[in-house]
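A closer look at the structure
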Amino acid sequence: MASYSLYKRLGLLSMALFLLSGLLFWTSLSDSSRLWLRLISGTLGLCLLLTSFLYAWILFQQPTPRQTLTTVTAHFLVRFLANQFGKRERRKLFELCKNPMRHQERLLQEIIKRNGATVYGRDHCLMGIKSLEHLRRQHPLTNYEHFRSYVDRMMAGERDVLIHGLPASYIRTTGTTGKSKYIPQINRMAILSQVMAFMNFVYNDLYQVGLLKKTLYFYVAPEILKTKSGVNIETGAAIAEGYDLGLSGFSTPPAGYKITTLHEALYVQLLFGLLDPDIGAVVLTFVHFLESAMKMLETNWKQLVCDIKHGTLNPALKLPATIRRELSEDLARHGADPKRAAQLEKEFDKGFRRIIQRIWPRIHGIHGVDSSGSWPRISQTYAEGLHLITLVYGCSEAFMCFSPGPKFLKSGYLPIVDQILFEFIREQDMSLDKPKTFFLNEVEKGQNYEIVVTQGFGLYRYRMGDVVRIEDFYENAPVIEFLYRTGQMLNLRFEKLDQTVVLESVRAAVNRWPGRCLLEFAVAESTVLSQDCPVLEPDELAPYYLFFIELQETGKPLSDTEKQAIDEELRLRNSDYERLRREVSISHPRVLVVRPGTFDDLKDYLLENTGATANQYKVPRKLRTYAMVDTLLKGVV
């Protein structure tokens, strides 16, 4: 009924516009009409004729039927404009590669012209800097602590401190000490729109999915805070208020992207995604988020099928009344879909291997970043037969690089040289107090470097902590491949737990355990666990950390209250972790005590199976492979 209603309206509208355009053309050809009236009639007739052809084309494309004329029009316009913008951005990216240093010098002068007269600019004599070489000689390499006092002044409402005027918002992230960092932003949504447009165009260029196929976007709305001066503090991917029109290409109604809890957000986004068999792409920030969604699907598919069959919304979901009402109205407007429910039930009964392509056959790839090494496991189960597509390299501080797609580069990214100034520190020099830096035209193929950036939002010669390899050159620009972070960050949901914070938290927790003495510890992210791992919890939707603790005396087992202390200490030291735990986007850590000597077994394993020597060996606080985890699991008491 829903598809008949939409397609019938599209056909009738196209026909009505065509007939009306004919009437206007007839008027324009009439000798009895005034000349100005004939010109207006002819022009309006041509516009209506083109519009009638547009709606006929939309009808021919068979768009997702669960839409109104208004939403399908918005969907087409947003996707068409985004596709044109993305096409232009890729063309510009190639053009920038021809002479990247010219654009770097130009960008430097733009940044100085915009921000040179600020408090920071005066303190560091920015107006006197005439070239990149001059910047390299005069301005020190920095980290966030170098800018913290300036940011604090802006957040209190002071103008012209790091940037001209005040930021439009701040992106909150976590520094290496565990203290939050606040990165000023001028036009975050414009940058995010640029990224989404680029991704949309490259994906469609690869797979010819079409403009009118919906995207399934998995997203949990973050908590939005305010500075003393009333400016938003948010995350880099947060969807801004009033951006509903920009969401028209997604399968979930805008209300579904205002849900702040993991369980409810995934359920709602799965529900509306399952209703549409022609989903064209799946987009998420981190790939392991997809695994959480698929686990939920395995656990809740019967209820989801029931909701689709009857056009209802699970009453057990803990949703705000306004969000529930908006979602229920959307479901009621388009009605139940027992045919789709039967199709899905048949596929789910077969199991969940390759389930994504079986229920959404038009999907060819998953957009996301594999920050935890989850993709090999996901690609062998739920996403078998699909490609992982990572077209953007960036973080809270800056979007730095785009990939034009495998037609042009098999791997790696090209730097966005008209938006970010790049310098590089050789990997072997990273520990030096004042390491030498290299510009884009000075790096060497096959060498590893730490990235240093300068951008227009107030960060100058900022050490990102990312280590990359120069894989090759495209025209005159280096092809960059990300390798690792300089610190052993734990990062399930962009909380970025630095090892200093983890160590302090573990020690503080052990101090709360009477008669216990800590010998060693290490942490693993649940995303590294294999399917046959004895401690894997397949019904747990949210990821979690596993703490392996070696005590001098095992004694009696740790109580649940004692184990909970690690979680409490982490929440005290890292605001993002605390928020994600409160939102249940991260589950509580699992604490496993191992027998004395287990970490010696880990040392023996690593010395035998890696290139490390006894002199170089350090206890790995972050367990990056399942083999390392398995070694410690053998010692659990």
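The coordinates are above.
First things first, this report covers the structure right here in the doc. On a predicted model such as this, the values are computed, not experimentally measured, just so you know. (Residues numbered from 1 in each chain as written. Predicted model: local features only at pLDDT ≥ 70, side-chain atom pairs only at ≥ 80, totals over all residues. Heavy atoms only, no water.)

1. Remarks on the packing of aromatic side chains
Inspection of every chain in the model, using the stated rule, returns 22 aromatic pairs. Measuring from centroid to centroid gives 5.7 Å for Tyr217 and Tyr257, while their planes differ by 35°, and the two rings are tilted. With Tyr217 in strand β3 (residues 215-217) and Tyr257 in the loop between β5 (232-234) and α9 (262-274), the pair connects residues that are 40 residues apart, well separated along the chain. The class of Tyr217 is buried, set by a relative accessible area of 9%. Geometrically, the ring pair formed by Tyr393 and Phe482 is tilted, given 5.7 Å between the ring centres and 50° between the ring planes. Pair noted here: Tyr393 is in strand β9 (residues 392-394) and Phe482 is in strand β16 (residues 477-485), with a separation of 89 residues, a long-range link. According to the relative accessible area criterion, Tyr393 is buried, its value standing at 6%. (Phe/Tyr/Trp six-rings, centres within 6.5 Å; stacked < 30°, edge-to-face > 60°. Helix = DSSP H or I, 4+ residues; strand = E, 2+ residues; numbered from the N terminus. Buried < 20%, exposed > 50% of the residue type's maximum accessible area, 1.4 Å probe, protein only.)

2. What about a negative patch on the surface?
Residues Glu241, Asp244, Glu326 and Glu329 make up a contiguous surface patch of negative charge. Within the secondary structure layout, Glu329 lies in helix α11 (residues 321-334). The class for Glu329 is partly exposed, based on a relative accessible area of 45%. (Patch = residues over 30% accessible without salt bridge, like charges linked within 9 Å, V, L, I, M, F, W, Y side chains within 5 Å. Areas by Shrake-Rupley, 256 points an atom, 1.4 Å probe, with all protein chains shown as cover. Salt bridge = Lys/Arg side-chain N within 4 Å of Asp/Glu carboxyl O. Lys, Arg positive; Asp, Glu negative; His and termini not counted. Charge placed at Lys NZ, Arg CZ, Asp CG, Glu CD.)

3. Topic: the sheet that holds β3
Ordered by their spatial adjacency, 4 strands build an open sheet running β3-β6-β7-β8, and the pairing between neighbours is parallel. Both outer strands of the open sheet, β3 and β8 (387-389), are each paired with one neighbouring strand and no more. Across the sheet, the mean angle from the axis of one strand to that of its neighbour is 25°, orientation sign disregarded. Here 3 bridges tie strand β7 (residues 365-369) to β8, and the two strands are oriented parallel to one another. Each bridged residue has a counterpart across the sheet, and for Ile366 the counterpart in β8 is Leu388. Those strands touched by helix α10 (residues 288-310) are β6 (281-286) and β7, and its axis lies near 120° from that of β6. (Pairing = 2+ DSSP bridges. Axes fitted to C-alpha atoms, helices over the stretch in contact; angles between N-to-C directions. Contact = heavy atoms within 4.5 Å.)

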